[in-house]
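Spelled out from the first residue to the last, the chains are:
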2 protein chains.
Amino acid sequence: MENVIKVGLVEDDHDIRQLMSFLINGSPGYVCEQAFESCEKAIEAFETNCPDIVLMDIDLPGMSGIEGVRVLKEKLPDLNIVMLTVHEDDEAVFDSLCAGAVGYLVKGLPPIQLLQAIKETFEGGAPMSSAIARKVILSFQPNLPSPLSDREKEVLQMLCGGENYKTIAERLYISTNTVKAHIKNIYTKLNVNTRAEVVSKAIRQKLIR
Amino acid sequence: MENVIKVGLVEDDHDIRQLMSFLINGSPGYVCEQAFESCEKAIEAFETNCPDIVLMDIDLPGMSGIEGVRVLKEKLPDLNIVMLTVHEDDEAVFDSLCAGAVGYLVKGLPPIQLLQAIKETFEGGAPMSSAIARKVILSFQPNLPSPLSDREKEVLQMLCGGENYKTIAERLYISTNTVKAHIKNIYTKLNVNTRAEVVSKAIRQKLIR
DNA sequence: TCGGTAATTACCCAAATGGGTAATTGTAAC
DNA sequence: GTTACAATTACCCATTTGGGTAATTACCGA
């Protein structure tokens with residue numbers, strides 16, 4: 001029966017909040033029954049009555065929108081949160097995405113586009129500008145080139161799999177002493193001293209697949 | 001003098017290749033002097049004469065476009081590669097981005113939009129659909145909730161920083177035995193047995209910031 | 001109030017790890 | 001043809017780690 005998209009709104013500016021909820025409620029297929037001026041109030045309300053999409057201002061008094069995303073996603077992992085911002089290419093937008101937001105919209109977007117973006121998000125999309133998208137994809141692409149030899153990369157790969165000297169040696173048909181030598185060289189090249197560090201660095205810098 | 005954007009093209013279909021290079025060369029501010037029907041030829045050529053943007057077909061005979069991206073990015077890390085595809089929401093698009101492409105364009109895009117996208121890419125954007133963008137951001141957001149207690153997360157965080165029992169104990173003002181106990185619990189909860197494994201799992205599943 | 005969980009500490013012990021040093025072989029570059 | 005580096009192996013030794021077991025305190029929900 002209810003094919004409407006339930007939109008939640010978190011925005012401290014009273015006028016904007018009124019305007020947006022009015023707009024949403026006035027559009028067939030959309031409804032906004034929950035509009036709050038702070039994350040704190042929104043979080044409490046959303047826990048008992050969860051909307052489909054949340055529009056969240058980034059700059060909020062008290063708990064920031066970014067922190068709000070973190071908390072909401074902790075409690076409601078499947079909730080789709082779209083940030084509202086005035087600064088198109090702000091670092092805060094990127095941080096919001098890292099915290100769990102699925103996209104963002106610029107404040108002042110024409111109503112038609114706003115509704116379109118909400119619908120797109122509801123259907124699995126992620127509204128964002130080309131510039132932010134680039135930032136996002138760069139953050140997960142490999143940082144080439146690596147200073148390691150091919151053999152060392154093989155060893156590193158297994159190291160990250162949690163394997164020990166003996167197992168790695170068996171897999172590569174070499175002695176454990178050789179494995180040890182490779183690992184020592186890897187440590188030197190990456191400037192680390194322990195297993196944990198090398199695994200952390202390798203994955204974070206995407207030195208291994 | 002040369003404010004033109006140099007576009008490289010890799011596309012096996014002769015007609016499409018002709019058409020696109022003709023289009024690009026016929027547009028002020030754009031030039032396409034390098035159009036190839038295979039990755040192999042393109043890679044060789046781009047190494048000596050590198051374009052600003054490469055448009056790369058995904059489905060290519062011989063080396064695939066995805067593999068092509070991998071190889072090109074290995075040799076020319078700063079090269080911007082945009083994929084060309086017929087299937088909008090293909091897994092291959094996502095894989096291309098993982099391999100190092102910055103975005104993709106659907107074949108058959110109107111000329112104006114194609115040129116616009118090239119320009120946007122040149123200026124630091126990343127052309128992609130909302131759906132792909134979502135996939136990309138999901139791939140790097142935390143997989144909440146975590147089974148660990150707050151204290152355990154603190155310990156895990158330090159573990160991933162490569163710190164040992166003693167250092168962690170000092171930082172948290174507890175005994176090394178306690179640290180050990182926490183780590184043992186973490187291992188049990190995450191079903192791992194070694195440092196390397198826990199670090200790997202924690203980072204990959206984004207259990208820590 | 002009882003039971004579960006989190007946090008804390010302790011001890012024992014086998015296995016794994018990290019650092020130092022050194023040598024041989026093959027290959028690629030100069 | 002010599003230099004440089006990658007890959008291979010070896011040995012010694014101190015430190016760290018991981019597993020087992022057990023106990024106390026505190027808090028929270030039923």
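Here the structure is a predicted model, which means the values were calculated and not measured.

Quick notes on the rules
- Residues numbered from 1 in each chain as written.
- Chains lettered and ligands numbered in written order.
- Predicted model: local features only at pLDDT ≥ 70, side-chain atom pairs only at ≥ 80, totals over all residues.
- Heavy atoms only, no water.
- Helix = DSSP H or I, 4+ residues; strand = E, 2+ residues; numbered from the N terminus.
- Buried < 20%, exposed > 50% of the residue type's maximum accessible area, 1.4 Å probe, protein only.
- Polar contact = N/O pair within 3.5 Å; in protein donor to acceptor, adjacent residues only side chain to side chain.
- Contact = heavy atoms within 4.5 Å.
- Domains from an automatic or database assignment.
- Pairing = 2+ DSSP bridges.
- Axes fitted to C-alpha atoms, helices over the stretch in contact; angles between N-to-C directions.
- Near = heavy atom within 4 Å.
- Nonpolar A, V, L, I, M, F, W, Y, C, P; charged D, E, K, R; others polar.
- Right-handed = clockwise from strand over helix to strand, strands pointing away.
- Parallel < 35°, antiparallel > 145°, perpendicular 65-115°, else oblique.
- Left-handed = near helix turned anticlockwise from the far one by under 90°.
- Salt bridge = Lys/Arg side-chain N within 4 Å of Asp/Glu carboxyl O.
- Least-squares fit on C-alpha atoms with pLDDT ≥ 70 in both.
- Core = buried A, V, L, I, M, F, W, Y, C linked by side-chain atoms within 4.5 Å.
- Expected span 1.5 Å × (residues − 1).
- Arc of directions from axis to C-beta.

Q: Got a sec to walk through the side chain of Glu152 of chain A? Specific residues and values, please.
A: All names here are of chain A. In this structure, Glu152 sits in helix H7 (residues 150-160). What makes Glu152 buried here is its relative accessible area of 6%. At a separation of 2.8 Å, a polar atom in the side chain of Glu152 contacts the side chain of Lys189. In this structure Glu152 touches His182, Asn185, Ile186 and Lys189, once residues within four positions along its chain are discounted.

Q: I'd like a rundown of helix H2 (residues 39-48) of chain B, residues and numbers included.
A: The set of residues buried in H2 of chain B consists of Cys39, Ala42, Ile43, Ala45 and Phe46 of chain B. Where H2 of chain B is buried, its residues meet strand E1 (5-10), strand E2 (30-36), strand E3 (53-57) and helix H3 (65-75) of chain B.

Q: Tell me about the environment of Thr167 of chain A, and please be specific about residues and values.
A: For Thr167 of chain A, the location among the structural elements is in helix H8 (residues 165-172). Among the polar contacts made by the side chain of Thr167 of chain A, one reaches the side chain of Asn164 of chain A at a distance of 2.5 Å.

Q: How would you explain the domain arrangement of chain A if you had to name every residue and give the values?
A: Domain boundaries in chain A define domain 1 (5-139) and domain 2 (150-204). Computed over C-alpha atoms, the centres of domain 1 of chain A and domain 2 of chain A are 44 Å apart.

Q: If you had to explain the sheet that holds strand E3 (residues 53-57) of chain A to someone new, which residues and values would you point to?
A: Residue and element names in this part refer to chain A. Read from one edge to the other, the open sheet built from five strands follows the order E2-E1-E3-E4-E5, with strand pairing classed as parallel. What marks the edges here is a single partner per strand, and that holds for strand E2 (30-36) and strand E5 (103-106). In this sheet, adjacent strand axes meet at a mean angle of 25° when their direction is disregarded. Note: strand E1 (residues 5-10) against E3, four bridges, orientation parallel.

Q: Run through the protein's contact with DNA strand C, naming residues and quoting values.
A: By nearness alone, 18 residues border DNA strand C, and Lys180 and Arg195 of chain A together with Ser149, Ser175 and Thr178 of chain B come closest of all. Taking the atoms of DNA strand C that fall within 4 Å of the protein, sugar and phosphate contribute 59% of them. A distance of 3.3 Å separates a base nitrogen of DNA strand C from a polar atom in the side chain of Lys180 of chain B. At the level of elements, helix H9 (176-190) of chain A together with helix H9 (176-190) of chain B are the ones that each hand at least two residues to the surface near DNA strand C. No other element matches H9 of chain B, which puts six residues into the surface near DNA strand C. Taken together, the residues of the surface near DNA strand C sort by class into four nonpolar, eight polar and six charged.

Q: Could you give an account of the pairing of E3 of chain B, naming the residues involved and the relevant values?
A: All names here are of chain B. Of all five residues making up E3, five are buried, and the element is well covered by its neighbours. Residues Ile53, Leu55 and Asp57 point to one face of E3 and Val54 and Met56 to the other, with burial holding for every one of them. As judged from the five bridges shared by E3 and strand E4 (residues 80-85), these two strands associate in the parallel manner. Residue Ile53 lies in a different strand from E4, and its bridge partner there is Asn80. For the crossover from E3 across H3 to E4, the handedness is right-handed.

Q: Any details on the environment of Lys166 of chain B? Residues and values, ideally.
A: Relative to the elements of secondary structure, Lys166 of chain B occurs in helix H8 (residues 165-172). For the pair Lys166 of chain B and Lys180 of chain B, spaced 14 residues apart in sequence, the C-alpha to C-alpha distance is 9.6 Å.

Q: Go over the packing of helix H4 (residues 91-99) of chain A against helix H6 (residues 130-138) of chain A with me, naming the residues and quoting the values.
A: The relative placement of two packed helices comes down to the angle between their axes together with the axis-to-axis distance. Residue and element names in this part refer to chain A. For the pair H4 and H6, interaxial distance at closest approach is 11 Å and the crossing angle is 50°. With respect to their mutual orientation, H4 and H6 come out oblique. When you trace H4 past H6, the crossing you get is right-handed. Residues Glu91, Val93, Phe94 and Leu97 of H4 pack against Ile132, Lys135 and Val136 of H6. Here the contact of H4 with H6 is built from residues that sort into five nonpolar, no polar and two charged.

Q: How would you explain the interface of chain B and chain A if you had to name every residue and give the values?
A: Taken together, the contact pairs 44 residues of chain B with 43 residues of chain A. Scanning the region where chain B abuts chain A turns up zero salt bridges. In this assembly, chain B and chain A are joined by nine residue pairs in polar contact (both at pLDDT 80 or more). Of all the elements in the fold, those that place two or more residues in the side of chain B that touches chain A are H3, helix H4 (91-99), helix H5 (111-122), helix H6 (130-138), helix H7 (150-160) and helix H10 (195-204) of chain B. In terms of residue class, the side of chain B that touches chain A is built from 23 nonpolar, 13 polar and eight charged.

Q: Can you lay out the relation of the copies chain B and chain A for me, pointing to particular residues and giving the numbers?
A: After a rotation of 180° and a shift along the axis of 0.2 Å, chain B superposes on chain A with an RMSD of 0.3 Å. Seen this way, the second copy is the image of the first under a two-fold rotation axis. Within chain B, Ala196 of chain B has its C-alpha nearest the rotation axis, a separation of 2.6 Å. Comparing contact sets, 98% of the residues at the interface of chain B also lie at the interface in chain A, consistent with an isologous, same-surface contact.

Q: Let's hear about the nonpolar core: which residues, and what values?
A: Core analysis: the largest hydrophobic core is formed by 96 residues, its most contacted members being Leu55 of chain A together with Leu55 and Met56 of chain B. Sequence-distant contacts of Met56 of chain B, that is, excluding residues within four places in its chain, are made with Val10, Cys39, Gly65, Gly68, Val69, Leu72, Ile81, Val82, Met83 and Leu84 of chain B. Grouped together as the second largest cluster of nonpolar side chains are 44 residues, Leu156, Leu159, Leu172 and Val192 of chain B included.

Q: Can you tell me about helix H1 (residues 14-25) of chain A, naming the residues and giving the values?
A: Residues and elements named next belong to chain A. Along its twelve residues, H1 runs 16 Å from first to last C-alpha, staying within 8% of the 16 Å computed at 1.5 Å per residue. Taken as a whole, H1 has its buried residues at Arg17, Met20, Ser21 and Ile24. With its buried residues spanning 95° around the axis, H1 presents them on a single face. Away from the buried face of H1 by more than 90 degrees, exposed residues Asp15, Leu19 and Phe22 are located. Here the buried face of H1 lies against E1, E2, E3, strand E4 (80-85) and helix H5 (111-122).

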